[in-house]
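These are the residues of each chain, in order.
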Amino acid sequence: LSIVFFLMIRRPPRSTQSRSSAASDVYKRQTLTLMYVHLVSEPALNANFYIPMSLLHENFARAHKRNALRTQKFWFRRQFIPTSPSEETKDEYIELSIEHFLTGNAEYLGLLPAYKQFIDFKISAEPDKKEFWLKLFEDYVKSIQILLARAKGEIPTLAAWIRTFVTSHPDYKKDSIVSRSIADALYTEIYAISNGQKEKQHLLPK
């Protein structure tokens, strides 16, 4: 969440990502950041995610609460894409859950629908790259589905999973201390999952 709120402070310079950078591992891991950069870097959309610093600070404070992704609402600019590129959006703000920030509701467009607009625009402007843009959108949707499932409480966040692992470990004394044996066990578990040696479906959307 913190990276999303930080990016609301100012816009990055307008630029276009190359095909090679779009295919890189870093590009895929930073899905939300890159979707944001695409939107604000496209002059035809004139996207604006600015919010006042006071609301940004409030967002950071809420993001630090336990299970914030699922339980908290955050401030966002109500209209972040104007009806015309020559217009500016109004300085109006709305509180949203992360689920509605991603998918939208009656009062808010949502990041995924907005990004679909961007993809449609790029396809119309670059019809020879249609397959590339559609594949990019498909990959991004898959990544966002994980965050969306966490926001809905369907799967645990990594923080929640780690808390459960630590507090259920036989060596945990309910004293908020993560002992060496617990830390070693946690590292071993994470290593095994990341290398396919242990099941990870409980951490992924169905």
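Scroll up a little and you will see the structure.
Residues numbered from 1 in each chain as written. Predicted model: local features only at pLDDT ≥ 70, side-chain atom pairs only at ≥ 80, totals over all residues. Heavy atoms only, no water.

Participant: Would you mind going over helix 8 (residues 111–125) with me for this structure?
Facilitator: Structural remark: α-helix, 3.6 residues per turn; residues separated by three or four positions point the same way. A rise of 1.5 Å per residue sets the reference length of helix 8, with its 15 residues, at 21 Å; its end C-alpha atoms lie 21 Å apart and thus fit the reference within 8%. Three or more residues of helix 8 are buried, namely L111, L112, A114, Y115, F118, I119, K122 and I123. (Helix = DSSP H or I, 4+ residues; strand = E, 2+ residues; numbered from the N terminus. Expected span 1.5 Å × (residues − 1). Buried < 20%, exposed > 50% of the residue type's maximum accessible area, 1.4 Å probe, protein only.)

Participant: Would you explain the packing of helix 4 (residues 31–41) against helix 9 (residues 130–151) in this entry?
Facilitator: When two helices pack together, their arrangement is given by the angle between the helix axes and the distance between those axes. At their nearest, the axes of helix 4 and helix 9 sit 10 Å apart, and the two run at 130° to each other. Judged on the interaxial angle alone, helix 9 and helix 4 are oblique. As for the relative orientation of helix 4 and helix 9, their crossing is left-handed in sense. Residue-level inspection shows T31, L32, L34, M35 and H38 of helix 4 in contact with helix 9, the latter providing W133, L136, Y140, S143, I144 and L147. Partitioning the contact of helix 4 with helix 9 into residue classes produces eight nonpolar, three polar and no charged. (Axes fitted to C-alpha atoms, helices over the stretch in contact; angles between N-to-C directions. Parallel < 35°, antiparallel > 145°, perpendicular 65-115°, else oblique. Left-handed = near helix turned anticlockwise from the far one by under 90°. Contact = heavy atoms within 4.5 Å. Nonpolar A, V, L, I, M, F, W, Y, C, P; charged D, E, K, R; others polar.)

Participant: Got a minute to help me understand the packing of aromatic side chains in this structure?
Facilitator: Aromatic rings considered in pairs are described by the distance between their centres and by the relative angle of their planes. Counted by the stated rule, this structure contains 12 aromatic pairs. Where Y187 meets Y191, the ring centres are 6.3 Å apart and the plane angle is 25°; that geometry is what we call stacked. Remark: Y191 and Y187 occur in helix 11 (residues 180–194); sequence separation between them is four residues, near one turn of the helix. Given a relative accessible area of 57%, Y187 falls into the exposed group. Residue class for Y191 comes out partly exposed when judged on its relative accessible area of 41%. (Phe/Tyr/Trp six-rings, centres within 6.5 Å; stacked < 30°, edge-to-face > 60°.)

Participant: Help me understand the side chain of N48, please; the structure alone is not making it clear to me.
Facilitator: By the element assignment, N48 lies in the loop between helix 4 and helix 5 (53–63). Within the structure, the side chain of N48 is placed 2.9 Å from the backbone nitrogen of Y50, a separation counted as a polar contact. (Polar contact = N/O pair within 3.5 Å; in protein donor to acceptor, adjacent residues only side chain to side chain.)

Participant: Teacher, can you tell me more about the packing of helix 4 against helix 8 here?
Facilitator: Where helix 4 contacts helix 8, the axes come no closer than 10 Å and their chain directions differ by 50°. With respect to each other, helix 4 and helix 8 are oriented oblique. Between helix 4 and helix 8 lies a crossing whose hand is left-handed. Touching L32, M35, H38 and L39 of helix 4 are L111, L112, A114, Y115 and F118, all from helix 8. The residue makeup of the contact of helix 4 with helix 8, split by class, is eight nonpolar, one polar and no charged.

Participant: How do you make sense of the side chain of H169 when you look at a structure like this?
Facilitator: Locating H169 in the fold gives a position in the loop between helix 10 (158–167) and helix 11. Taking relative accessible area as the criterion, H169 reaches 15% and is therefore assigned buried. Side-chain polar atoms of H169 contact the backbone nitrogen of D171, separated by 3.0 Å. In contact with H169, other than residues within four places in its own chain, are S181, I182 and A185.

Participant: Would you mind going over the nonpolar core with me for this structure?
Facilitator: Counting residues in each nonpolar core, the largest one holds 39 residues, and the members touching the most others are L39, F49, L102, L111 and Y115. Looking at this core, the elements that each hand over two or more residues are helix 4, helix 6 (68–71), strand 1 (73–77), strand 2 (93–97), helix 7 (98–103), helix 8 and helix 9. A total of nine residues in this core trace back to one element, the largest contributor, which is helix 9. Excluding residues that lie within four positions of it along the chain, Y115 makes contacts with M35, H38, L39, L136, F137 and Y140. Residues W161, L186, I193 and L203 belong to the second largest nonpolar core, which totals five residues. (Core = buried A, V, L, I, M, F, W, Y, C linked by side-chain atoms within 4.5 Å.)

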